[in-house]
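Descriptive analysis of the structure
Residues per chain, in single letters:
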Amino acid sequence: MAEAVSTQRKKIHPHKFTLWVGIGSIIMMFAGLTSAYIVKGSLPGFSSVHMPQIFYYSTAVMLLSSFTMQWGLKSFKERGMQQYRRLLTVTMILGILFIGLQITGFSQLWNSGNKLAGSAGAGQFLYVIFGLHAVHVLGGIIALIVMFIKAFSARIRNYNSVPVEVMSTYWHFVDLLWVYLFVFFLFKS
């Protein structure tokens, strides 16, 4: 009997397993894109791009949002629902701010002459790779909005931490992914 309980505890929750499969797929996609950048960058005529300053600010915003998400998870587990709601709200606002800063950064790239036309240079890779990352952040923001509605709903009183843990893991992942992409382009551009 004790062995069955021990085995049961070692199993990963299906939502967490699905998340890790998705994260593995996303990692493979971005590894392929950054590898293509390295290969394309070694060809003659490949143009580099100057990273807009605003991407530094968006990096700080993303790191801060990861901190607020983790603090929110801790608050949820400790049943500090008021603090959890506040931190979830702040995380969502920071995620939206990140997207806004990205749009501003893309606009600056566009205005500096980095268009999508012509042979693929660093600017085109930035649009595709950073744009795909922004789509993943947007997906996270949608999930945060759903969690926000549930957190403020008077009818829902579920203290199952799995959805919050899944959201927190995903949010930390898109944060780390952004840091990787940002550093990658800083050193490769």
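Conventions adopted
- Residues numbered from 1 in each chain as written.
- Predicted model: local features only at pLDDT ≥ 70, side-chain atom pairs only at ≥ 80, totals over all residues.
- Heavy atoms only, no water.
- Helix = DSSP H or I, 4+ residues; strand = E, 2+ residues; numbered from the N terminus.
- Buried < 20%, exposed > 50% of the residue type's maximum accessible area, 1.4 Å probe, protein only.
- Contact = heavy atoms within 4.5 Å.
- Areas by Shrake-Rupley, 256 points an atom, 1.4 Å probe, with all protein chains shown as cover.
- Patch = residues over 30% accessible without salt bridge, like charges linked within 9 Å, V, L, I, M, F, W, Y side chains within 5 Å.
- Salt bridge = Lys/Arg side-chain N within 4 Å of Asp/Glu carboxyl O.
- Axes fitted to C-alpha atoms, helices over the stretch in contact; angles between N-to-C directions.
- Parallel < 35°, antiparallel > 145°, perpendicular 65-115°, else oblique.
- Left-handed = near helix turned anticlockwise from the far one by under 90°.
- Nonpolar A, V, L, I, M, F, W, Y, C, P; charged D, E, K, R; others polar.
- Phe/Tyr/Trp six-rings, centres within 6.5 Å; stacked < 30°, edge-to-face > 60°.

Here we come to the overall build of the chain. When helices and strands are tallied, the chain shows 6 helices and 0 strands. Going residue by residue from the N terminus, the α and β elements of the chain occur as α-α-α-α-α-α. When burial is assessed residue by residue, the chain has 42% of its 189 residues classed as buried. Across the chain, contacts joining residues at least 24 apart in sequence account for 84% of those joining residues at least 6 apart. Taken as a whole, the chain presents about 10,700 Å² of accessible surface, with 68% of it coming from carbon and sulfur.

The next subject is a nonpolar patch on the surface. Residues Ile 12, Phe 17, Trp 20 and Val 21 make up a contiguous nonpolar surface patch of roughly 420 Å² in combined accessible area. Here Trp 20 lies in helix α2 (residues 14-41).

Time to look at the packing of helix α3 (residues 54-77) against helix α4 (residues 81-111). Running from amino to carboxyl end, α3 crosses α4 at an angle of 165°, the nearest separation of the two axes being 8 Å. Taken as axis vectors, α3 and α4 run roughly antiparallel relative to one another. Note on packing geometry: the crossing formed by α3 with α4 is left-handed. Broken down by class, the residue content of the contact of α3 with α4 amounts to 19 nonpolar, 11 polar and no charged.

Attention now moves to the packing of aromatic side chains. In total, this model carries 17 aromatic pairs according to the counting rule given. Ring centres of Tyr 37 and Phe 184 lie 5.6 Å apart, and the angle between their planes is 70°; this geometry places the pair in the edge-to-face category. Here the residue Tyr 37 occupies a position in helix α2, and Phe 184 occupies one in helix α6 (residues 162-188), the gap between them amounting to 147 residues. Taken as a pair, Tyr 37 and Phe 184 share a single burial class, namely buried.

In contact at an axis separation of 13 Å, α4 and α6 are set at 30° when each is read in the N-to-C sense. The pairing of α4 with α6 is recorded here as roughly parallel in orientation. In this structure, the crossing between α4 and α6 has a hand that is left-handed. Contacts between α4 and α6 involve Tyr 84, Thr 91, Gly 95, Phe 98 and Gln 102 on the former and, on the latter, Val 164, Trp 171 and Trp 178.

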